[in-house]
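Working through the structure, step by step
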Amino acid sequence: MNQIDKGKELLTMVKEKVLIVLWTTSRCNLACKYCYAGSTHLKADMDFEIAAQTLDLFSDHTMKIQFAGGEPLLNYPLICQVVDYVNTKKYNASFRMQTNGTGITPEIAAGLKKMKIALGVSLDGPPEVNEFSRGKTREVIAGIGCLADEGIKINLNSVVTSHSVMQLPKLVNFAYYLGNVGGIGLDLLRDAGRARDNPESIKKATPEQLQKALKEMVEAARELYELTGKKIVIREIHEARQRLKTSPCSKAYCYASCGRSYVVLPDGDVYPCGSLIDQPEYYMGNVNEKKLKSIAIGKTEPETCKTCEFYAFCPGGCPSRLLINGNDGEDLSLDCVLKKTAFEMARKNS
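Residues numbered from 1 in each chain as written. Predicted model: local features only at pLDDT ≥ 70, side-chain atom pairs only at ≥ 80, totals over all residues. Heavy atoms only, no water.

A few words now on the nonpolar core. The biggest cluster of nonpolar side chains holds 98 residues, and the ones touching the most others in it are Phe67, Leu112, Ile117 and Leu156. Counting residues per element, this core draws most heavily on helix H8 (residues 207-228), at eight residues. Residues contacting phenylalanine 67, with those up to four places away along its chain left out, are Leu22, Thr24, Pro72, Ile79, Val82, Val83, Phe95, Arg96, Met97, Gln98 and Ile117. (Core = buried A, V, L, I, M, F, W, Y, C linked by side-chain atoms within 4.5 Å. Buried < 20%, exposed > 50% of the residue type's maximum accessible area, 1.4 Å probe, protein only. Helix = DSSP H or I, 4+ residues; strand = E, 2+ residues; numbered from the N terminus. Contact = heavy atoms within 4.5 Å.)

This part takes up the sheet that holds strand S9 (residues 261-264). Here 10 strands make up an open sheet; going across it, the order is S8-S7-S6-S5-S4-S3-S2-S9-S10-S11 and the pairing mixed. Every other strand in the sheet has two partners, leaving strand S8 (233-234) and strand S11 (285-286) as the edge strands with one partner each. Examined bridge by bridge, strand S5 (residues 117-122) and strand S6 (residues 154-160) share three bridges and lie parallel to one another. Counted as the bridge partner of glycine 120 is asparagine 155 from S6. The strands that helix H1 (residues 48-57) touches are strand S2 (18-25), strand S3 (63-69) and S9; relative to S2, the one it contacts most, it runs at about 175°. (Pairing = 2+ DSSP bridges. Axes fitted to C-alpha atoms, helices over the stretch in contact; angles between N-to-C directions.)

Inspection of every chain in the model, using the stated rule, returns 14 salt bridges. The salt bridge involving arginine 260 is made with glutamate 16; its shortest N-O contact spans 3.8 Å. Residue arginine 260 is found in the loop between helix H9 (235-244) and S9, and its partner glutamate 16 is found in the loop between strand S1 (4-5) and S2; the two are separated by 244 residues along the sequence. Of the residues examined, arginine 260 reaches a relative accessible area of 18% and is grouped as buried. A residue is classified by how much of its surface remains accessible, and glutamate 16, at 39% relative accessible area, is partly exposed. One salt bridge connects glutamate 226 with arginine 222, and the closest N-O pair in it is separated by 2.6 Å. (Salt bridge = Lys/Arg side-chain N within 4 Å of Asp/Glu carboxyl O.)

Bringing the pairing of S5 into the picture now. Where a strand is regular, its side chains alternate between the two sheet faces. In terms of burial, S5 is a largely internal element, five of the six residues being buried. In the sheet, strand S4 (residues 93-99) pairs with S5 via five bridges, with the strands oriented parallel. When the sheet's bridge partners are listed, threonine 99 is paired in S5 with valine 121. Read as a crossover between parallel neighbours, the route from S4 over helix H3 (residues 106-115) to S5 is right-handed. (Right-handed = clockwise from strand over helix to strand, strands pointing away.)

This next bit is on the packing of H9 against helix H12 (residues 334-348). If you want to describe how two helices pack, look at the angle between their axes and the distance between the axes. Packing of H9 against H12 leaves a shortest axis separation of 8 Å and a crossing angle of 65°. Our classification of the angle between H9 and H12 gives roughly perpendicular. H9 and H12 meet at a crossing whose hand is right-handed. Along its contact with H9, which presents Glu236, Ile237, Ala240, Arg241, Arg243 and Leu244, the element H12 presents Leu338, Ala342, Phe343, Met345, Ala346 and Arg347. Its residues placed into classes, the contact of H9 with H12 shows eight nonpolar, no polar and four charged. (Parallel < 35°, antiparallel > 145°, perpendicular 65-115°, else oblique. Left-handed = near helix turned anticlockwise from the far one by under 90°. Nonpolar A, V, L, I, M, F, W, Y, C, P; charged D, E, K, R; others polar.)

Taking 1.5 Å per residue as the helical rise, H12 with its 15 residues ought to reach 21 Å, and the 21 Å between its terminal C-alpha atoms agrees with that figure. Along H12, the residues that are buried comprise Leu334, Asp335, Val337, Leu338, Lys339, Thr341, Ala342, Phe343, Met345 and Ala346. (Expected span 1.5 Å × (residues − 1).)

Looking at the element boundaries, threonine 25 is found in strand S2. Owing to a relative accessible area of 0%, threonine 25 belongs among the buried residues under this scheme. A distance of 3.0 Å separates the side chain of threonine 25 from the backbone nitrogen of arginine 27, its partner in a polar contact. A distance of 3.5 Å separates a polar atom in the side chain of threonine 25 from the backbone oxygen of alanine 44. Not counting chain neighbours up to four residues away, the residues in contact with threonine 25 comprise Ala44, Asp45, Ala68, Gly69, Gly70, Glu71, Pro72, Leu74, Asn75 and Pro266. (Polar contact = N/O pair within 3.5 Å; in protein donor to acceptor, adjacent residues only side chain to side chain.)

What follows deals with the pairing of S6. Burial analysis of S6 places six of its seven residues in the buried class, which makes it a mostly covered element. Relative to strand S7 (residues 181-188), S6 runs parallel, the two being bridged by seven bridges. Paired with leucine 156 across the two strands is isoleucine 184, which belongs to S7. One crossover worth recording links S6 to the parallel S7 by way of helix H6 (residues 168-178), and it is right-handed.

Structure representation (structure tokens):
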């Protein structure tokens, strides 16, 4: 199957729910060792006109609007304008944002609560681990504290590398200490951006490390729950458990895998996934052109998938990550290892 399904033009699309990722800025106040956007030449802020044109294009869709970048809060005024515009136009939309957390002040935390933006904060491990890969951990913790003061629950997103993987169980305990963390999700390293340009500075975890870490994270979360009654949800286990309960189960991995994701850069250029913004073949058009291609990121499915006991439930790995990483000559991708281990543990502990 061709990796790109060009699909139909936007005007003839079935009006399904779409993911709109507004790249509010390409600037960032960190220099994460693995950042997939770290090599982009574009260091601009999105202006309100580009954002409004994008939202107007999808005005008859249900929209999930995600603020991204760069560090999206470096263009906080635009976020406020977008939310106000959506509410004024009465568009059917929800909001979410992935942030590094360093710029969250009491005033911004109050604003995010008022705007009802669901939040994920990037944190790769306990402080010493996060400081190595991302930096400014003290500011991150302060920002999470500001959110806690507003009663805002968050999820943590952790990039898994050879340096962080065995410290992930400690992150479960640290998340409990923070107080307002509901769950932790794992993001496997991508061979893109700085990770691709500096392969010696950051490396992928091994399958054995990943399996061991996930099992120990679940055990740490279980012990905390038994001692305190507070749950720290491990996203991969939760999703596997939900899929095992559902039959038939959707095989779609994400919005980008089924042609309903639009990542809009500050200049209005559009791609299906933020990991592919430096790959011209995935260019979908510009919002100024008033129409966009729909691109579904296809994926090849190893023959071993079809004999897996979880095949009917598993959506496979992240299609853009599999496209970028390949399988490095391994029989199983790390995506497969993560998914299969999560299914095994979900079934065992259900």
